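Structural features, examined
Below are the chains, spelled out letter by letter.
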Amino acid sequence: MNFTPKKIFILENGKHKEITYQEFLKLKYDKKAFGNRKFVGVHGMIFEAEEKLYRKFYAYKRRLLYIAETAEEENIEEVSYDALTTAEFNGESIIVDTEQAFTENVELEIMSEKLHRCIDLLSPREKELIQAIYFQGLSERDFAKIEGVSQNAINKRKKRILAKLKKFLEK
């Protein structure tokens, strides 16, 4: 490895858990613990990936490298999308930056997991409000009726809870 990653995430019980670089190095040299784990590098970070996602990621990276090398060898500055089309790949799909979309999906998944862990740190009453408004789609007014309080009281409580979640997320 030519760089020290900003962050490293391993899969533990199906969820990503951040570990230090030193912990990663210990795992790397412990064949029993490390086993056949697969990792992908994205934006200076390392993420453990399931086999299918790992293969998909590196197949895509190899394809991009192949296209770049072929274009360089043949002095091609522009490549037709039609020339990229194969049985498994539609050349037009290259218009969308799928690497960026993949990266965004990985980052979103990690942030989602972190948010859910932070929500678990809330009191049962706080969780109930967050789940009602953000996961069940209730309005503040509807939740206020259920609780028997004003919509303004629910709004203030929600703001306090969101500030609390923000502090949890920043840790």
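Above this text sits the structure in question.
Only a predicted model underlies this, so the values are computations on that prediction, with no experimental measurement involved.

**Section: the sheet that holds strand S1 (residues 8-12)**
The mixed open sheet is built from four strands, whose spatial order is S2-S1-S4-S3. Looking at which strands have only one partner, the edges of the open sheet turn out to be strand S2 (15-19) and strand S3 (38-42). Each strand axis lies, on average, 30° off the axis of its neighbour in the sheet, ignoring direction. In this sheet, strand S4 (residues 45-49) lies alongside S3 in antiparallel orientation, the contact comprising five bridges. Bridge pairing links Val40 to Phe47 in S4. Here helix H1 (residues 21-29) sits on the sheet in contact with S1, S2, S3 and S4, set at roughly 110° to S2. Where helix H3 (residues 51-73) meets the sheet, it contacts S3 and S4, and its direction lies at approximately 45° from that of S3.

**Side note on a nonpolar patch on the surface**
Nonpolar side chains collect at one region of the surface, where Tyr134, Phe135 and Leu162 lie side by side and expose about 300 Å² of accessible area between them. Tracing the backbone through its elements, the reader meets Phe135 in helix H6 (residues 124-135). Since its relative accessible area comes to 47%, Phe135 is described here as partly exposed.

Procedures and definitions
- Residues numbered from 1 in each chain as written.
- Predicted model: local features only at pLDDT ≥ 70, side-chain atom pairs only at ≥ 80, totals over all residues.
- Heavy atoms only, no water.
- Pairing = 2+ DSSP bridges.
- Helix = DSSP H or I, 4+ residues; strand = E, 2+ residues; numbered from the N terminus.
- Axes fitted to C-alpha atoms, helices over the stretch in contact; angles between N-to-C directions.
- Contact = heavy atoms within 4.5 Å.
- Patch = residues over 30% accessible without salt bridge, like charges linked within 9 Å, V, L, I, M, F, W, Y side chains within 5 Å.
- Areas by Shrake-Rupley, 256 points an atom, 1.4 Å probe, with all protein chains shown as cover.
- Salt bridge = Lys/Arg side-chain N within 4 Å of Asp/Glu carboxyl O.
- Buried < 20%, exposed > 50% of the residue type's maximum accessible area, 1.4 Å probe, protein only.

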